[in-house]
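Overview (structure and organization)
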Amino acid sequence: MGDEVDTPKLYIHGLFSQGKGHKARCMLEYFFRTNDGERVSSKVWSTRWDVSRTTAWTWCKEFETAYEINYNFFNGGTGAV
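Here's what I pulled together on the structure shown here. (Residues numbered from 1 in each chain as written. Predicted model: local features only at pLDDT ≥ 70, side-chain atom pairs only at ≥ 80, totals over all residues. Heavy atoms only, no water.)

1. Some remarks on the nonpolar core
Membership of the largest hydrophobic core comes to 13 residues, with the highest contact counts inside it found for Tyr 30, Trp 45, Trp 49 and Phe 63. Secondary structure elements with two or more residues in this core: helix H1 (9-17), helix H2 (21-35), helix H3 (42-49) and helix H4 (53-75). In terms of residue count, the dominant contributor to this core is H4 (five residues). Beyond its immediate stretch of four places on either side in the chain, Phe 63 contacts Tyr 11, Lys 23, Cys 26, Met 27, Tyr 30 and Trp 49. (Core = buried A, V, L, I, M, F, W, Y, C linked by side-chain atoms within 4.5 Å. Buried < 20%, exposed > 50% of the residue type's maximum accessible area, 1.4 Å probe, protein only. Helix = DSSP H or I, 4+ residues; strand = E, 2+ residues; numbered from the N terminus. Contact = heavy atoms within 4.5 Å.)

2. Some details on the packing of aromatic side chains
Enumeration over the complete set of coordinates arrives at nine aromatic pairs. Taken together, a centroid distance of 6.2 Å and an interplanar angle of 40 degrees make the contact between Trp 59 and Phe 63 tilted. Highlighted residues: Trp 59 and Phe 63, both in helix H4, separated by four residues, approximately one helical turn. Per residue, the accessibility class of Trp 59 equals that of Phe 63, and both read buried. Here the aromatic cluster, defined as three or more aromatic residues joined through ring pairs, consists of Tyr 11, Tyr 30, Trp 45, Trp 49, Trp 59 and Phe 63. Between the NZ or CZ atom of Arg 48 and the centre of the ring of Trp 45, over which it lies, the distance is 5.2 Å. (Phe/Tyr/Trp six-rings, centres within 6.5 Å; stacked < 30°, edge-to-face > 60°. Lys NZ or Arg CZ within 6 Å of the ring centre and 35° of its normal.)

3. Quick look at H2
If you check H2, its first and last C-alpha atoms are 21 Å apart, about what 15 residues at 1.5 Å a residue would give, namely 21 Å. Of all the residues in H2, the buried ones are Gly 21, Lys 23, Ala 24, Cys 26, Met 27, Tyr 30, Phe 31 and Thr 34. The secondary structure elements touched by the buried residues of H2 are H1, H3 and H4. (Expected span 1.5 Å × (residues − 1).)

Written out as structure tokens, the structure reads:
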């Protein structure tokens, strides 16, 4: 499968089950766009997601942590991707 990485499904499912569907959809967009190499500022994310810049920045940090945990779990690594 090359450089493909599985989505952090448990994290996303957890968001949906907590009634945080909007945040879960934002995570999916973040995951697919960053996995394709796109890097944008929290200002751009906040506009796309219709949230404050602070919220966008916080979510990006949370999403990156979930991504790293998922990557490390499935690839046996311990460091950041």
